[in-house]
Amino acid sequence: MNKLAHFFSFIFSPLLLPTYGVMIAMFCTVLCYAPERVRWSVIGVTFVLTCFVPLLAIGLMLKLGLVSDPGLNKRTERTLPFLITLLSYGACALYLHWVNGPMWLVMFMVGAMVAAIVSAIINRWWKISAHGAGVGGLVAMTFRIWIDGVAAPYVMWLIIGAIMVAGIVGTSRLILQRHTLLQVLAGTANGFLCVFFLSAIH
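Now for a description of the structure that goes with this document. Just so we're clear, the structure is a prediction, and the values are computed from it rather than from any experiment. Sequence positions are assigned chain by chain, starting from 1 and proceeding in written order. Given that this is a predicted model, residues contribute local features only at a pLDDT of at least 70 and side-chain atom pairs are listed and counted only at 80 or more, while totals for whole chains, interfaces and linings are drawn from all residues. Where side-chain values are given, they derive from all heavy atoms of the structure, hydrogens and water being excluded.

1. Digging into the overall build of the protein chain
And then number 1: Runs of H or I in DSSP of at least four residues are treated as helices and runs of E of at least two as strands, each being numbered from the N terminus. Within the protein chain, the secondary structure is distributed over eight helices and zero strands.
And then number 2: Only C-alpha atoms enter the radius of gyration, while the globule expectation follows 2.2 Å times N to the 0.38, with N the number of residues. Against the compact-globule benchmark of 17 Å for 202 residues, the protein chain has a radius of gyration of 16 Å, which places it among compact chains.
And then number 3: Expressed along its principal axes, the backbone C-alpha trace of the protein chain runs to roughly 45 × 30 × 30 Å.
And then number 4: Throughout, exposure labels follow a simple rule: accessible area from a 1.4 Å probe, protein chains only, divided by the maximum for the residue type, with under 20% read as buried, over 50% as exposed, and the rest as partly exposed. Looking at the protein chain as a whole, 50% of its 202 residues are labelled buried.
And then number 5: Note on definitions: a residue-residue contact is assigned when non-hydrogen atoms from the two residues lie within 4.5 Å. Of the contacts formed within the protein chain by residues at least 6 apart in sequence, a portion of 74% connects residues at least 24 apart.
And then number 6: Here the Shrake-Rupley method, with its probe set to 1.4 Å, supplies the accessible areas, and only the displayed protein chains count as covering residues. For the protein chain, the accessible surface area stands at approximately 10,100 Å², while carbon and sulfur atoms represent 75% of it.
And then number 7: Positive and negative charge centroids in the protein chain, built from 12 and 4 side chains respectively, lie 8 Å apart. Residues scored as charged are limited to Lys and Arg (positive) and Asp and Glu (negative), so that His and the chain ends carry no count. One atom stands in for each charge, and that atom is NZ of Lys, CZ of Arg, CG of Asp or CD of Glu.

2. Some words on helix α3 (residues 36-64)
The α-helix winds at 3.6 residues per turn, so residues separated by three or four positions along the chain end up facing the same way.
And then number 1: In a helix, the anticipated span is given by 1.5 Å times the number of residues less one. Between its terminal C-alpha atoms α3 stretches 41 Å, which fits the 42 Å expected from 29 residues at 1.5 Å a residue.
And then number 2: In this analysis the local bend is the angle between axes fitted, respectively, to the seven residues ending at and the seven residues starting at the residue. If you look at α3, its biggest bend is around 35 degrees, right at Val 48.
And then number 3: Along α3, the residues classified as buried are Arg 39, Val 42, Ile 43, Thr 46, Thr 50, Cys 51, Pro 54, Ala 57, Ile 58 and Met 61.
And then number 4: In the core, the buried residues of α3 are packed alongside α2 (17-28), α4 (79-98) and α5 (103-122).
And then number 5: Gly 65, located one to two residues past α3, shows a positive phi value of around 80 degrees.

3. Considering the packing of helix α6 (residues 130-147) against helix α8 (residues 181-198)
And then number 1: A fitted line through C-alpha atoms serves as each axis, taken over the contacting stretch for helices, and the angle formed by two N-to-C directions is quoted from 0 to 180°. At a minimum axis distance of 7 Å, the contact between α6 and α8 shows a crossing angle of 35 degrees. Crossing geometry of α6 relative to α8 is assigned as right-handed. Along the contact surface, α6 presents Gly 132, Ala 133, Gly 136, Gly 137, Val 139, Ala 140, Met 141, Phe 143, Arg 144 and Ile 147, while α8 presents Val 184, Gly 187, Thr 188, Asn 190, Gly 191, Phe 192, Val 195 and Phe 196.
And then number 2: Any residue outside Ala, Val, Leu, Ile, Met, Phe, Trp, Tyr, Cys, Pro, Asp, Glu, Lys and Arg is labelled polar, Gly included; the first ten of those are nonpolar and the last four are charged. Residue classes in the contact of α6 with α8 are distributed as ten nonpolar, seven polar and one charged. Two helices crossing with the near one rotated counterclockwise from the far one by less than a right angle form a left-handed crossing, whereas a clockwise rotation gives a right-handed crossing.

Function cannot be inferred from these measures alone, as they are strictly geometric.
In structure tokens form, the structure reads like this:
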């Protein structure tokens, strides 16, 4: 069970979820009509900015002894990685705006950045779940594209799938004893609310 929990925690890492969100946007909304080269280019840049750059920074912090665990399981070691992550999200939001992405997609990334800010602040006193925030934001995005009428006809399956992923990831964090149930629920609510309401700004 622990191996499965580690697996799901890894493939649905907060650093990968923005890329998954942009992939959903590129293939499951009206953006699917954009040239394939453009779509994969946007996905690639999103991955570099929101996953590769923070991972590189965390690796450097490990070498410098600023963090002791690549999983950032110590609350006191999470502040700087949170700051780097939210700056990466902000850079990605600027990039999406620069390539004329729709405002709901830009604000999806802004919502992720605000959720990271909230997590960084709360983390000073309490270990709120970053995984929860990530999957909460992904669920919010599927609801937003449905409400805004820009999604493919099978969007309900996306919403159901995103909710299932949120449940699996939350359960995995509990099995691994990385968080309490309240920390997972608070993180999920943080991600959902920030992304859902900010992505409503068009």
